[in-house]
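Chains, contacts and geometry: an overview
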Amino acid sequence: MVTDTPRDTPLEERLRELAGSVPDPELPMLTLAELGVVRRVRRTGAAAVEVELTPTYTGCPAVESMAEDIEQVLRERGGMAEVRVRRVLAPPWTTDDITPEGRRKLAESGIAPPRTTRPAGPVPVTLRPRRGPAPRPAAPAAGEPLRCPHCGSAETELLSPFSSTACKALRRCTACLEPFDHFKELT
């Protein structure tokens, strides 16, 4: 038997918008909604709410700051007296969770957005035995070049696998010679 998942109430939708409007502490040009880390907002009482937050990786140092900012906005602008932010690790966050608007904002800020790893269109389903390791997700789409956010050239080189944060790499465009950050693909 298949059951429908519960729908958010209008208040939960508004609280989710508020939680999602919080800027990311490390990438302030993006909101948490655009980054795709706010998974669920659920009322647990008349003035109580629980927010499910999935960090970009388990050791993300910004997750505490995100939680504090979500708590503050839901208390001050959402009228919630009790706010609980719960870290949820499954399903794990991937760079495919970044919205198109978030990708656009990254590029406008001089950061090459991650390439998508989810296939476009229908997703093939492969049945396998219950035991054994799950297959690894696909690598970035074949033929999808990493483009310079300054000039658009696909001619880039890796300078360092790490940049100002662990989720970014430092690259240089060989056409315009400008260095830039690349938000690394995480599947």
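Described below are features of the structure shown in this document. (Residues numbered from 1 in each chain as written. Predicted model: local features only at pLDDT ≥ 70, side-chain atom pairs only at ≥ 80, totals over all residues. Heavy atoms only, no water.)

1. What to know about the nonpolar core
In terms of nonpolar packing, the biggest core is built from 31 residues, with V38, L53, I70, L74 and F183 touching the most fellow members. Of all the secondary structure elements, the ones that give two or more residues to this core are helix 1 (10-20), helix 2 (32-35), strand 1 (38-45), strand 2 (48-53), helix 3 (63-76) and strand 3 (82-87). Top contributing element to this core by residue count: helix 3, with six residues. Listed in part, the five residues of the second largest apolar core include A112, L146, C148 and C173. (Core = buried A, V, L, I, M, F, W, Y, C linked by side-chain atoms within 4.5 Å. Buried < 20%, exposed > 50% of the residue type's maximum accessible area, 1.4 Å probe, protein only. Helix = DSSP H or I, 4+ residues; strand = E, 2+ residues; numbered from the N terminus.)

2. Examining the pattern of salt bridges
If you walk through the whole model with that rule in mind, you get 14 salt bridges. For the salt bridge of E17 with R14, the shortest nitrogen-to-oxygen distance reads 3.9 Å. One end of the pair is E17 and the other is R14, both in helix 1 and three residues apart, which spans about a single turn. For R14, a relative accessible area of 39% translates into the label partly exposed. Among the ionic pairs, E157 bridges to R172, the shortest N-O distance being 2.6 Å. Of this pair, E157 sits in strand 5 (residues 156-160) while R172 sits in strand 6 (residues 168-173), and the two are 15 residues apart along the sequence. Connected via shared salt-bridge partners are R42, E50, E52, R84 and R86. (Salt bridge = Lys/Arg side-chain N within 4 Å of Asp/Glu carboxyl O.)

3. Re unusual backbone geometry
At the junction of A90 and P91, the peptide bond is cis and its omega measures out at -5 degrees in the coordinates. A positive phi angle, close to 65 degrees, is found at L177, a residue other than glycine. With respect to the helices and strands, L177 occurs in the loop between strand 6 and strand 7 (179-183).

4. Things to note about helix 1
An α-helical turn contains 3.6 residues, so any two residues separated by three or four positions project in the same direction. Where helix 1 is concerned, the buried positions are E12, L15, L18, A19 and G20. Tucked into the core, helix 1 has its buried residues touching helix 2, strand 1, strand 2 and helix 3. (Contact = heavy atoms within 4.5 Å.)

5. Thoughts on the sheet that holds strand 3
One open sheet holds the three strands; their spatial order is 1-2-3, and the pairing between them is mixed. Looking at strand neighbours, the two that pair on one side only are strand 1 and strand 3, the edges of this open sheet. Shown here is a sheet whose adjacent strand axes are inclined to one another by a mean of 20 degrees, direction ignored. Here strand 2 pairs with strand 3 via six bridges, running parallel. (Pairing = 2+ DSSP bridges. Axes fitted to C-alpha atoms, helices over the stretch in contact; angles between N-to-C directions.)

6. Some thoughts on the state of the cysteines
For the coordinates displayed, the defined rule picks out zero disulfides. Cysteine C60 is unpaired, with the sulfur of C167 as its nearest cysteine sulfur at 7.4 Å. Looking at the unpaired C176, the closest cysteine sulfur is the one in C173, lying at 3.7 Å. (Disulfide = S-S within 2.5 Å.)

7. Focus on the packing of helix 1 against helix 3
Contact pair helix 1 / helix 3: the axes reach a minimum separation of 9 Å and the direction vectors enclose 135 degrees. Taken together, the axes of helix 1 and helix 3 are oblique relative to one another. In the packing of helix 1 onto helix 3, the handedness of the crossing is right-handed. Contacts between helix 1 and helix 3 involve L15, L18 and A19 from the former and I70, V73 and L74 from the latter. Grouping the amino acids of the contact of helix 1 with helix 3 by side-chain chemistry returns six nonpolar, no polar and no charged. (Parallel < 35°, antiparallel > 145°, perpendicular 65-115°, else oblique. Left-handed = near helix turned anticlockwise from the far one by under 90°. Nonpolar A, V, L, I, M, F, W, Y, C, P; charged D, E, K, R; others polar.)

8. Notes on the sheet that holds strand 6
Spatially, four strands are ordered 4-7-6-5 in an open sheet, and the strand pairing comes out mixed. The open sheet is flanked by strand 4 (111-112) and strand 5, the only strands paired with a single partner. Alignment of strand 5 against strand 6, held across four bridges, turns out to be antiparallel. Note on strand 6: the bridge partner recorded for T156 is C173.

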